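Listed below are the residues making up each chain.
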Amino acid sequence: QVQLVESGGGLVQPGGSLRLSCVASENIFSFYTMGWYRQAPGKQRELVATLITTFVGGDRTNYADSVKGRFTISRDNAKNTIYLQMNSLNPEDTAVYYCNAARGTGGATYWGQGTQVTVSS
């Protein structure tokens, strides 16, 4: 069973930064996509950023409009880890952030346990 373990959440003031990490229990090249989702209280889980593995021309990334220009998703293959660098945080970014990995069409999807991010003064 694949395990995804997130870390890096916490309390930060508006305008601040955090970097989330997600360590996978197996080689992340085995996943077609990896990404970050978030769920705020009383709201549905939403996509934040995804990274699609390609072997030609580099990875493809996709961001929610609300985080474009502020958040950056990246990977470290040697550490089986993906990151989410979050800058210029605002209270609307407060949520539990979940790491996701998927093997592709019809394949299995995995979720981490989530890490809380709270943006407040």
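The model shown is predicted, which means the values in this text are computed figures rather than measured ones. (Residues numbered from 1 in each chain as written. Predicted model: local features only at pLDDT ≥ 70, side-chain atom pairs only at ≥ 80, totals over all residues. Heavy atoms only, no water.)

Engineer: What's the story with the pattern of salt bridges in this structure? I'm lost.
Structural biologist: Between side chains of opposite charge, a pair can form when the charged atoms approach closely. Inspection of the entire model under this criterion finds six salt bridges. Salt bridges sharing partners connect three or more residues here, namely Arg-38, Glu-46, Arg-70 and Asp-93. (Salt bridge = Lys/Arg side-chain N within 4 Å of Asp/Glu carboxyl O.)

Engineer: Before we go on, may I ask you to explain the sheet that holds strand β3 (residues 18–24) in this structure?
Structural biologist: As a general point, the strands of a sheet are linked pairwise by backbone hydrogen bonds and lie either parallel or antiparallel. Strand order across the open sheet formed by four strands is β1-β3-β8-β7, with antiparallel pairing between neighbours. Of all the strands in the sheet, the pair left with one neighbour each is β1 (4–7) and β7 (71–76). When strand polarity is set aside, the average angle formed by the axes of neighbouring strands in this sheet is 15°. When β1 meets β3, the two strands line up antiparallel, connected through four bridges. Residue pairing in the sheet places Glu-6 in a bridge with Cys-22 of β3. (Pairing = 2+ DSSP bridges. Helix = DSSP H or I, 4+ residues; strand = E, 2+ residues; numbered from the N terminus. Axes fitted to C-alpha atoms, helices over the stretch in contact; angles between N-to-C directions.)

Engineer: It is not clear to me how unusual backbone geometry should be interpreted in this structure. Could you clarify?
Structural biologist: Across residues other than glycine, the phi torsion is negative in most instances, and most of the peptide bonds are trans. The backbone phi angle of Asn-80 is positive, close to 50°, even though this residue is not glycine. Of note, Asn-80 is situated in the loop between β7 and β8 (81–86). At Ser-88, a position not held by glycine, the phi torsion is positive, near 50°. Position of Ser-88 among the secondary structure elements: in the loop between β8 and β9 (95–102).

Engineer: Just to check I follow, could you spell out the packing of aromatic side chains for this structure?
Structural biologist: The relation between two aromatic rings is expressed through the spacing of the ring centres and the mutual angle of the planes. Scanning the model with the defined rule gives two aromatic pairs in all. Here the aromatic rings of Phe-31 and Tyr-110 are separated by 6.1 Å at their centres, their planes lie at 70°, and the arrangement is edge-to-face. Placement of the pair is Phe-31 in the loop between β3 and β4 (33–39) and Tyr-110 in strand β10 (residues 109–111), with a sequence separation of 79 residues. Given a relative accessible area of 1%, Phe-31 falls into the buried group. Exposure remark for Tyr-110: the relative accessible area of 13% places this residue in the buried category. Ring centres of Tyr-37 and Trp-111 lie 5.1 Å apart, and the angle between their planes is 70°; on these two criteria the pair is classed as edge-to-face. Here Tyr-37 is found in strand β4, whereas its partner Trp-111 is found in strand β10, with 74 residues between them in sequence. The aromatic ring of Tyr-98 is capped on one face by Arg-45, whose charged end is 3.7 Å from the ring centroid. (Phe/Tyr/Trp six-rings, centres within 6.5 Å; stacked < 30°, edge-to-face > 60°. Buried < 20%, exposed > 50% of the residue type's maximum accessible area, 1.4 Å probe, protein only. Lys NZ or Arg CZ within 6 Å of the ring centre and 35° of its normal.)

Engineer: When you look at the environment of Gln-85 in this model, what are you seeing that I'm missing?
Structural biologist: Positionally, Gln-85 belongs in strand β8. As for Gln-85 and Ile-73, which are separated by 12 residues in sequence, their C-alpha atoms are 6.4 Å apart. With residues up to four places along the chain from it excluded, the contact list for Gln-85 reads Ser-17, Leu-18, Arg-19, Arg-70, Phe-71 and Thr-72. Within the local environment of Gln-85, its side chain forms a polar contact with the side chain of Asn-87, the two groups lying 2.9 Å apart. (Contact = heavy atoms within 4.5 Å. Polar contact = N/O pair within 3.5 Å; in protein donor to acceptor, adjacent residues only side chain to side chain.)

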